[in-house]
Amino acid sequence: MQTAFSSYRSILASYLKPQRKRVTILGVLLALGLGFELANPWILRAFIDQATTGAPIDTLTWLALLFLVAALGAQLVTVGESYVAENVGLTATNQMRSDLTLHTLKLDPQFHGSHTPGELIERVDGDVATLSNFFSRFVVQMFANAVLLVAVLGLMFTIDWRVGLATSVFVVITVALVNKMRNMSVSYWRVARQSSAELFGFLEERLSGTEDIRSSGAVAYTMRRLYERSRNLLRTDRKAALIGSSSGGVTIIVFTLGTALALGLGVMLFQEGAITLGTVYLIFSYTESLRRPIDQLTRQLQDLQQAGASINRIGDLMQEKSTIHDGDGPAIPAGTLSVQFEGVTFGYNADEPVLEDVSFFLQPGEVLGVLGRTGSGKTTLTRLLFRLYDPQRGMIKLGGVALQDTQVASIRQSVGMVTQSIHLFHASLRDNLTLFDKSIPDARIIEVLQELRMGDWLASMPEGLDTKLAPGGSTLSAGQGQLVAFARVFLKEPGLVILDEASSRLDPATERRVEKAVDKLLGERTAIVIAHRLATVQRADTILIIEDGRIVEYGSRVQLLKDPSSHFADLMRTGKMAEALT
């Protein structure tokens, strides 16, 4: 697969324009390096000619010192050029990582369901790392090497037209061969990068499930699958490297012939008396100096082949578009919110609806208890309220504003949720509570923890709010983690709160400790409580029972309890909530 030059040009323009000064400095350093490279052979030619004609020792000493100064200057320029080039490359790739990460976070859950986190890590990090040299050196060095080639050929013509002509033919043939092989290995590098992504995805999945793998005796199977993916990566990477390096082999063969030609011409002209011994060395030296720009050209084109594969894969990722777009309507109003579903039908697959014609209205400040069997569509209701998905038919409104008419950020800020499971980050307790929102003062955090009766627990933490939590939150018990989730909602202060059996993982003592805090939380906000046991919905004002994606009962909890024929009254009488929901 070939990568259009417009793709290279576009990506370079996007990430190098903000670094114009650095790129300019890099160009100047490379120009100085070229000057030193062209000057040193002339100094050595003069030294050889002076030495063979019996020049005074002082003259030879000055020429030797001049050569050393030029060599030292070349080394200093090389160090400076490497430093600036690394800064350019790392700045560009870090910005690209940020752009890709932000783009990936905005994509639909459906996309993330079909791509493992490990695969996405390889896209965001591995593919971008491949472009580092492309950003830092490719364009500038390609230009510098082209200038060096032209300068050397021009100097060859000043020595003798025959030398210049022969060298020019040699360079044209070499460059033509290299250019012809430019896109040979792009498709192979693309396959290799995909194999690497699959390996990373496999590792991420298995390492996150270490306990299940060990407890189920699947270690041998996991290792066998790891060997298979590693072997596949070895084969694809080896094939891409072999094909990509073939252009280097061509260059070596051509340069061997070119060096022989240069030496032959030099000897012939020296025997004719047309040039001096120092000029013979100069011809040989400049012929050898052509090797570096063409070798670098070859390596740069090999890097370009790898970059082309990465650019294709990055381009594929950037072309993934979310179906959830911001509306241009008003923001969700502050304060307690109403919730309205109007004929909502939704399915993760369009032909397999999970919810069908769901309609209900929740007054501001009202608490809705949602009951239903596993798989009936309860969790799907919450996903639609967060606008992780849009319904195929119907409309959802928060505070009278249609979700599709407002910005997604406004929705997420207005809705808070506590579920049975909680994700804790490898960060400070403060960051885990505020989700990295630096605008929330410590005094407010401590106040919320006191409301949740977690003041003593906070005091027991070795570094207070600065205490680092271990990966996955293993420093906290399940109950403590659940309390952290409650604290997050308090700090967010949303107008709608969703509790998905939020206290199911709490022991009785801890559950009693947060009951008053939950009452306060729900007393000031609209709430939807998804329940798996009857006790959870005792504080609900309204009950909604859903089966197979359809509402089978909806009404006031008190009125439904008074109606002996209602599903809810039957559940309360029989106490068979567990059987009804499994």
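Look up a bit, the structure's there.
Right, let's walk through the structure included here.

About the criteria used
- Here the residue index of a chain counts from 1 through its sequence in written order.
- Only residues with pLDDT of at least 70 get local features here, since the model is predicted, and only at 80 or more are side-chain atom pairs given and counted; chain-wide, interface and lining totals rely on the full set of residues.
- Heavy atoms throughout the structure, all of them, feed into the side-chain values; hydrogens and water do not.
- In this text, helices come from DSSP runs of H or I with a minimum length of four residues, and strands from runs of E with a minimum of two, each type numbered from the N-terminal end.
- The pairing criterion is simple: DSSP has to find at least two bridges between the two strands.
- Lines fitted to C-alpha atoms define the axes here, with helix axes fitted over just the stretch in contact, and angles between the N-to-C directions of these axes take values from 0 to 180 degrees.
- Think of it in three bands: residues with accessible area under 20% of the maximum for their type are buried, residues over 50% are exposed, and the middle band is partly exposed, with areas taken using a 1.4 Å probe on protein chains only.
- Throughout, a residue-residue contact means that at least one pair of heavy atoms, one from each residue, lies within 4.5 Å.
- Working definition: roughly parallel below 35 degrees, roughly antiparallel above 145 degrees, roughly perpendicular at 65 to 115 degrees, and oblique for all remaining angles.
- Two helices cross in a left-handed way if the nearer one is turned anticlockwise from the farther one by less than a right angle. They cross in a right-handed way if the turn is clockwise.
- Here the term charged refers only to Asp, Glu, Lys and Arg, the term nonpolar to Ala, Val, Leu, Ile, Met, Phe, Trp, Tyr, Cys and Pro, and the term polar to all other amino acids, Gly among them.
- For this document, the term salt bridge refers to a Lys or Arg side-chain nitrogen within 4 Å of an Asp or Glu carboxyl oxygen.
- Aromatic contacts are taken between Phe, Tyr and Trp rings whose centres are within 6.5 Å, Trp giving its six-membered ring; a plane angle under 30 degrees counts as stacked, one over 60 as edge-to-face, and the others as tilted.

1. Considering unusual backbone geometry
- Phi angles above zero are rare outside glycine, and Arg-387 is one such case at about 55°.
- Assignment of secondary structure puts Arg-387 in the loop between helix H12 (378-385) and strand S4 (393-398).
- In this structure, Leu-435 is a non-glycine residue whose phi angle is positive, near 50°.
- If you trace the backbone, Leu-435 turns up in the loop between helix H14 (429-434) and helix H15 (442-451).

2. Section: the sheet that holds strand S10 (residues 550-556)
- With respect to topology, six strands assemble into an open sheet ordered S6-S7-S8-S3-S9-S10, the strand pairing being mixed. The outermost strands of the open sheet, each flanked by one partner alone, are strand S6 (415-418) and S10. The average undirected angle you get between the axes of adjacent strands in this sheet is 15°.
- Note: strand S7 (residues 496-500) against strand S8 (residues 526-530), five bridges, orientation parallel. In the strand pairing of S8, Val-497 is matched with Ala-527.

3. Overview of the pairing of strand S9 (residues 542-547)
- The element S9 is extensively covered by neighbouring structure, given that five of its six residues are classed as buried.
- As defined by bridge partners, strand S3 (residues 367-372) adjoins S9 across five bridges and the pair is classed as parallel. Paired with Leu-371 across the bridge in S9 is Ile-545.
- Two elements, S9 and S10, share six bridges in a ladder whose sense is antiparallel. In the sheet register, Glu-547 faces S10, and the bridge partner there is Arg-550.
- Here S9 hands over to S10 after two residues, with Asp-548 in that stretch at a positive phi of 50°.

4. With respect to the sheet that holds S4
- Spatially, the four strands line up as an open sheet ordered S2-S1-S4-S5, and their pairing is antiparallel. Each edge of the open sheet carries a strand with a single partner, namely strand S2 (355-362) and strand S5 (401-402).
- Looking at chain direction, strand S1 (residues 339-346) and S2 are connected through five bridges and run antiparallel. Counterpart to Phe-346 in the pairing with S2 is Leu-355.
- Packing against the sheet, H12 makes contact with S1, S2 and S4, and its axis sits at approximately 115° to S1.

5. Quick word on the packing of helix H2 (residues 20-52) against helix H3 (residues 57-105)
- Their axes nearest at 8 Å, the elements H2 and H3 cross at an angle of 160°. Considering their axes alone, H2 and H3 lie roughly antiparallel with respect to each other. As for the relative orientation of H2 and H3, their crossing is left-handed in sense.
- In the contact of H2 with H3, the residues fall into 24 nonpolar, eight polar and two charged.

6. Some points on the environment of Gly-278
- Position of Gly-278 among the secondary structure elements: in helix H11 (residues 277-319).
- A residue is classified by how much of its surface remains accessible, and Gly-278, at 0% relative accessible area, is buried.
- Separated by 229 residues in the primary sequence, Gly-278 and Asp-49 have C-alpha atoms spaced 5.1 Å apart.
- Setting aside residues up to four positions removed in sequence, Gly-278 forms contacts with Arg-45, Ile-48 and Asp-49.

7. Brief notes about the pattern of salt bridges
- Taken as a whole and judged by the stated rule, the model has eleven salt bridges.
- Notably, a salt bridge pairs Arg-97 with Asp-125, separated by 3.0 Å at the nearest N-O pair. With Arg-97 in helix H3 and Asp-125 in helix H5 (residues 117-130), this pair connects stretches of sequence that are 28 residues apart.
- The partly exposed category is assigned to Asp-125, whose relative accessible area is 39%.
- Because the salt bridges share partners, they merge into one network encompassing Arg-430, Asp-442 and Asp-466.

8. Description of the packing of aromatic side chains
- Counted by the stated rule, this structure contains six aromatic pairs.
- Seen from their ring centres, Tyr-348 and Tyr-389 are 5.2 Å apart, and the 80° between their planes marks the pair as edge-to-face. Linking Tyr-348 in the loop between S1 and S2 with Tyr-389 in the loop between H12 and S4, this pair joins segments that are 41 residues apart in sequence.
- Through a chain of ring-to-ring contacts, three or more aromatic side chains come together here, namely Phe-341, Phe-360 and Tyr-554.

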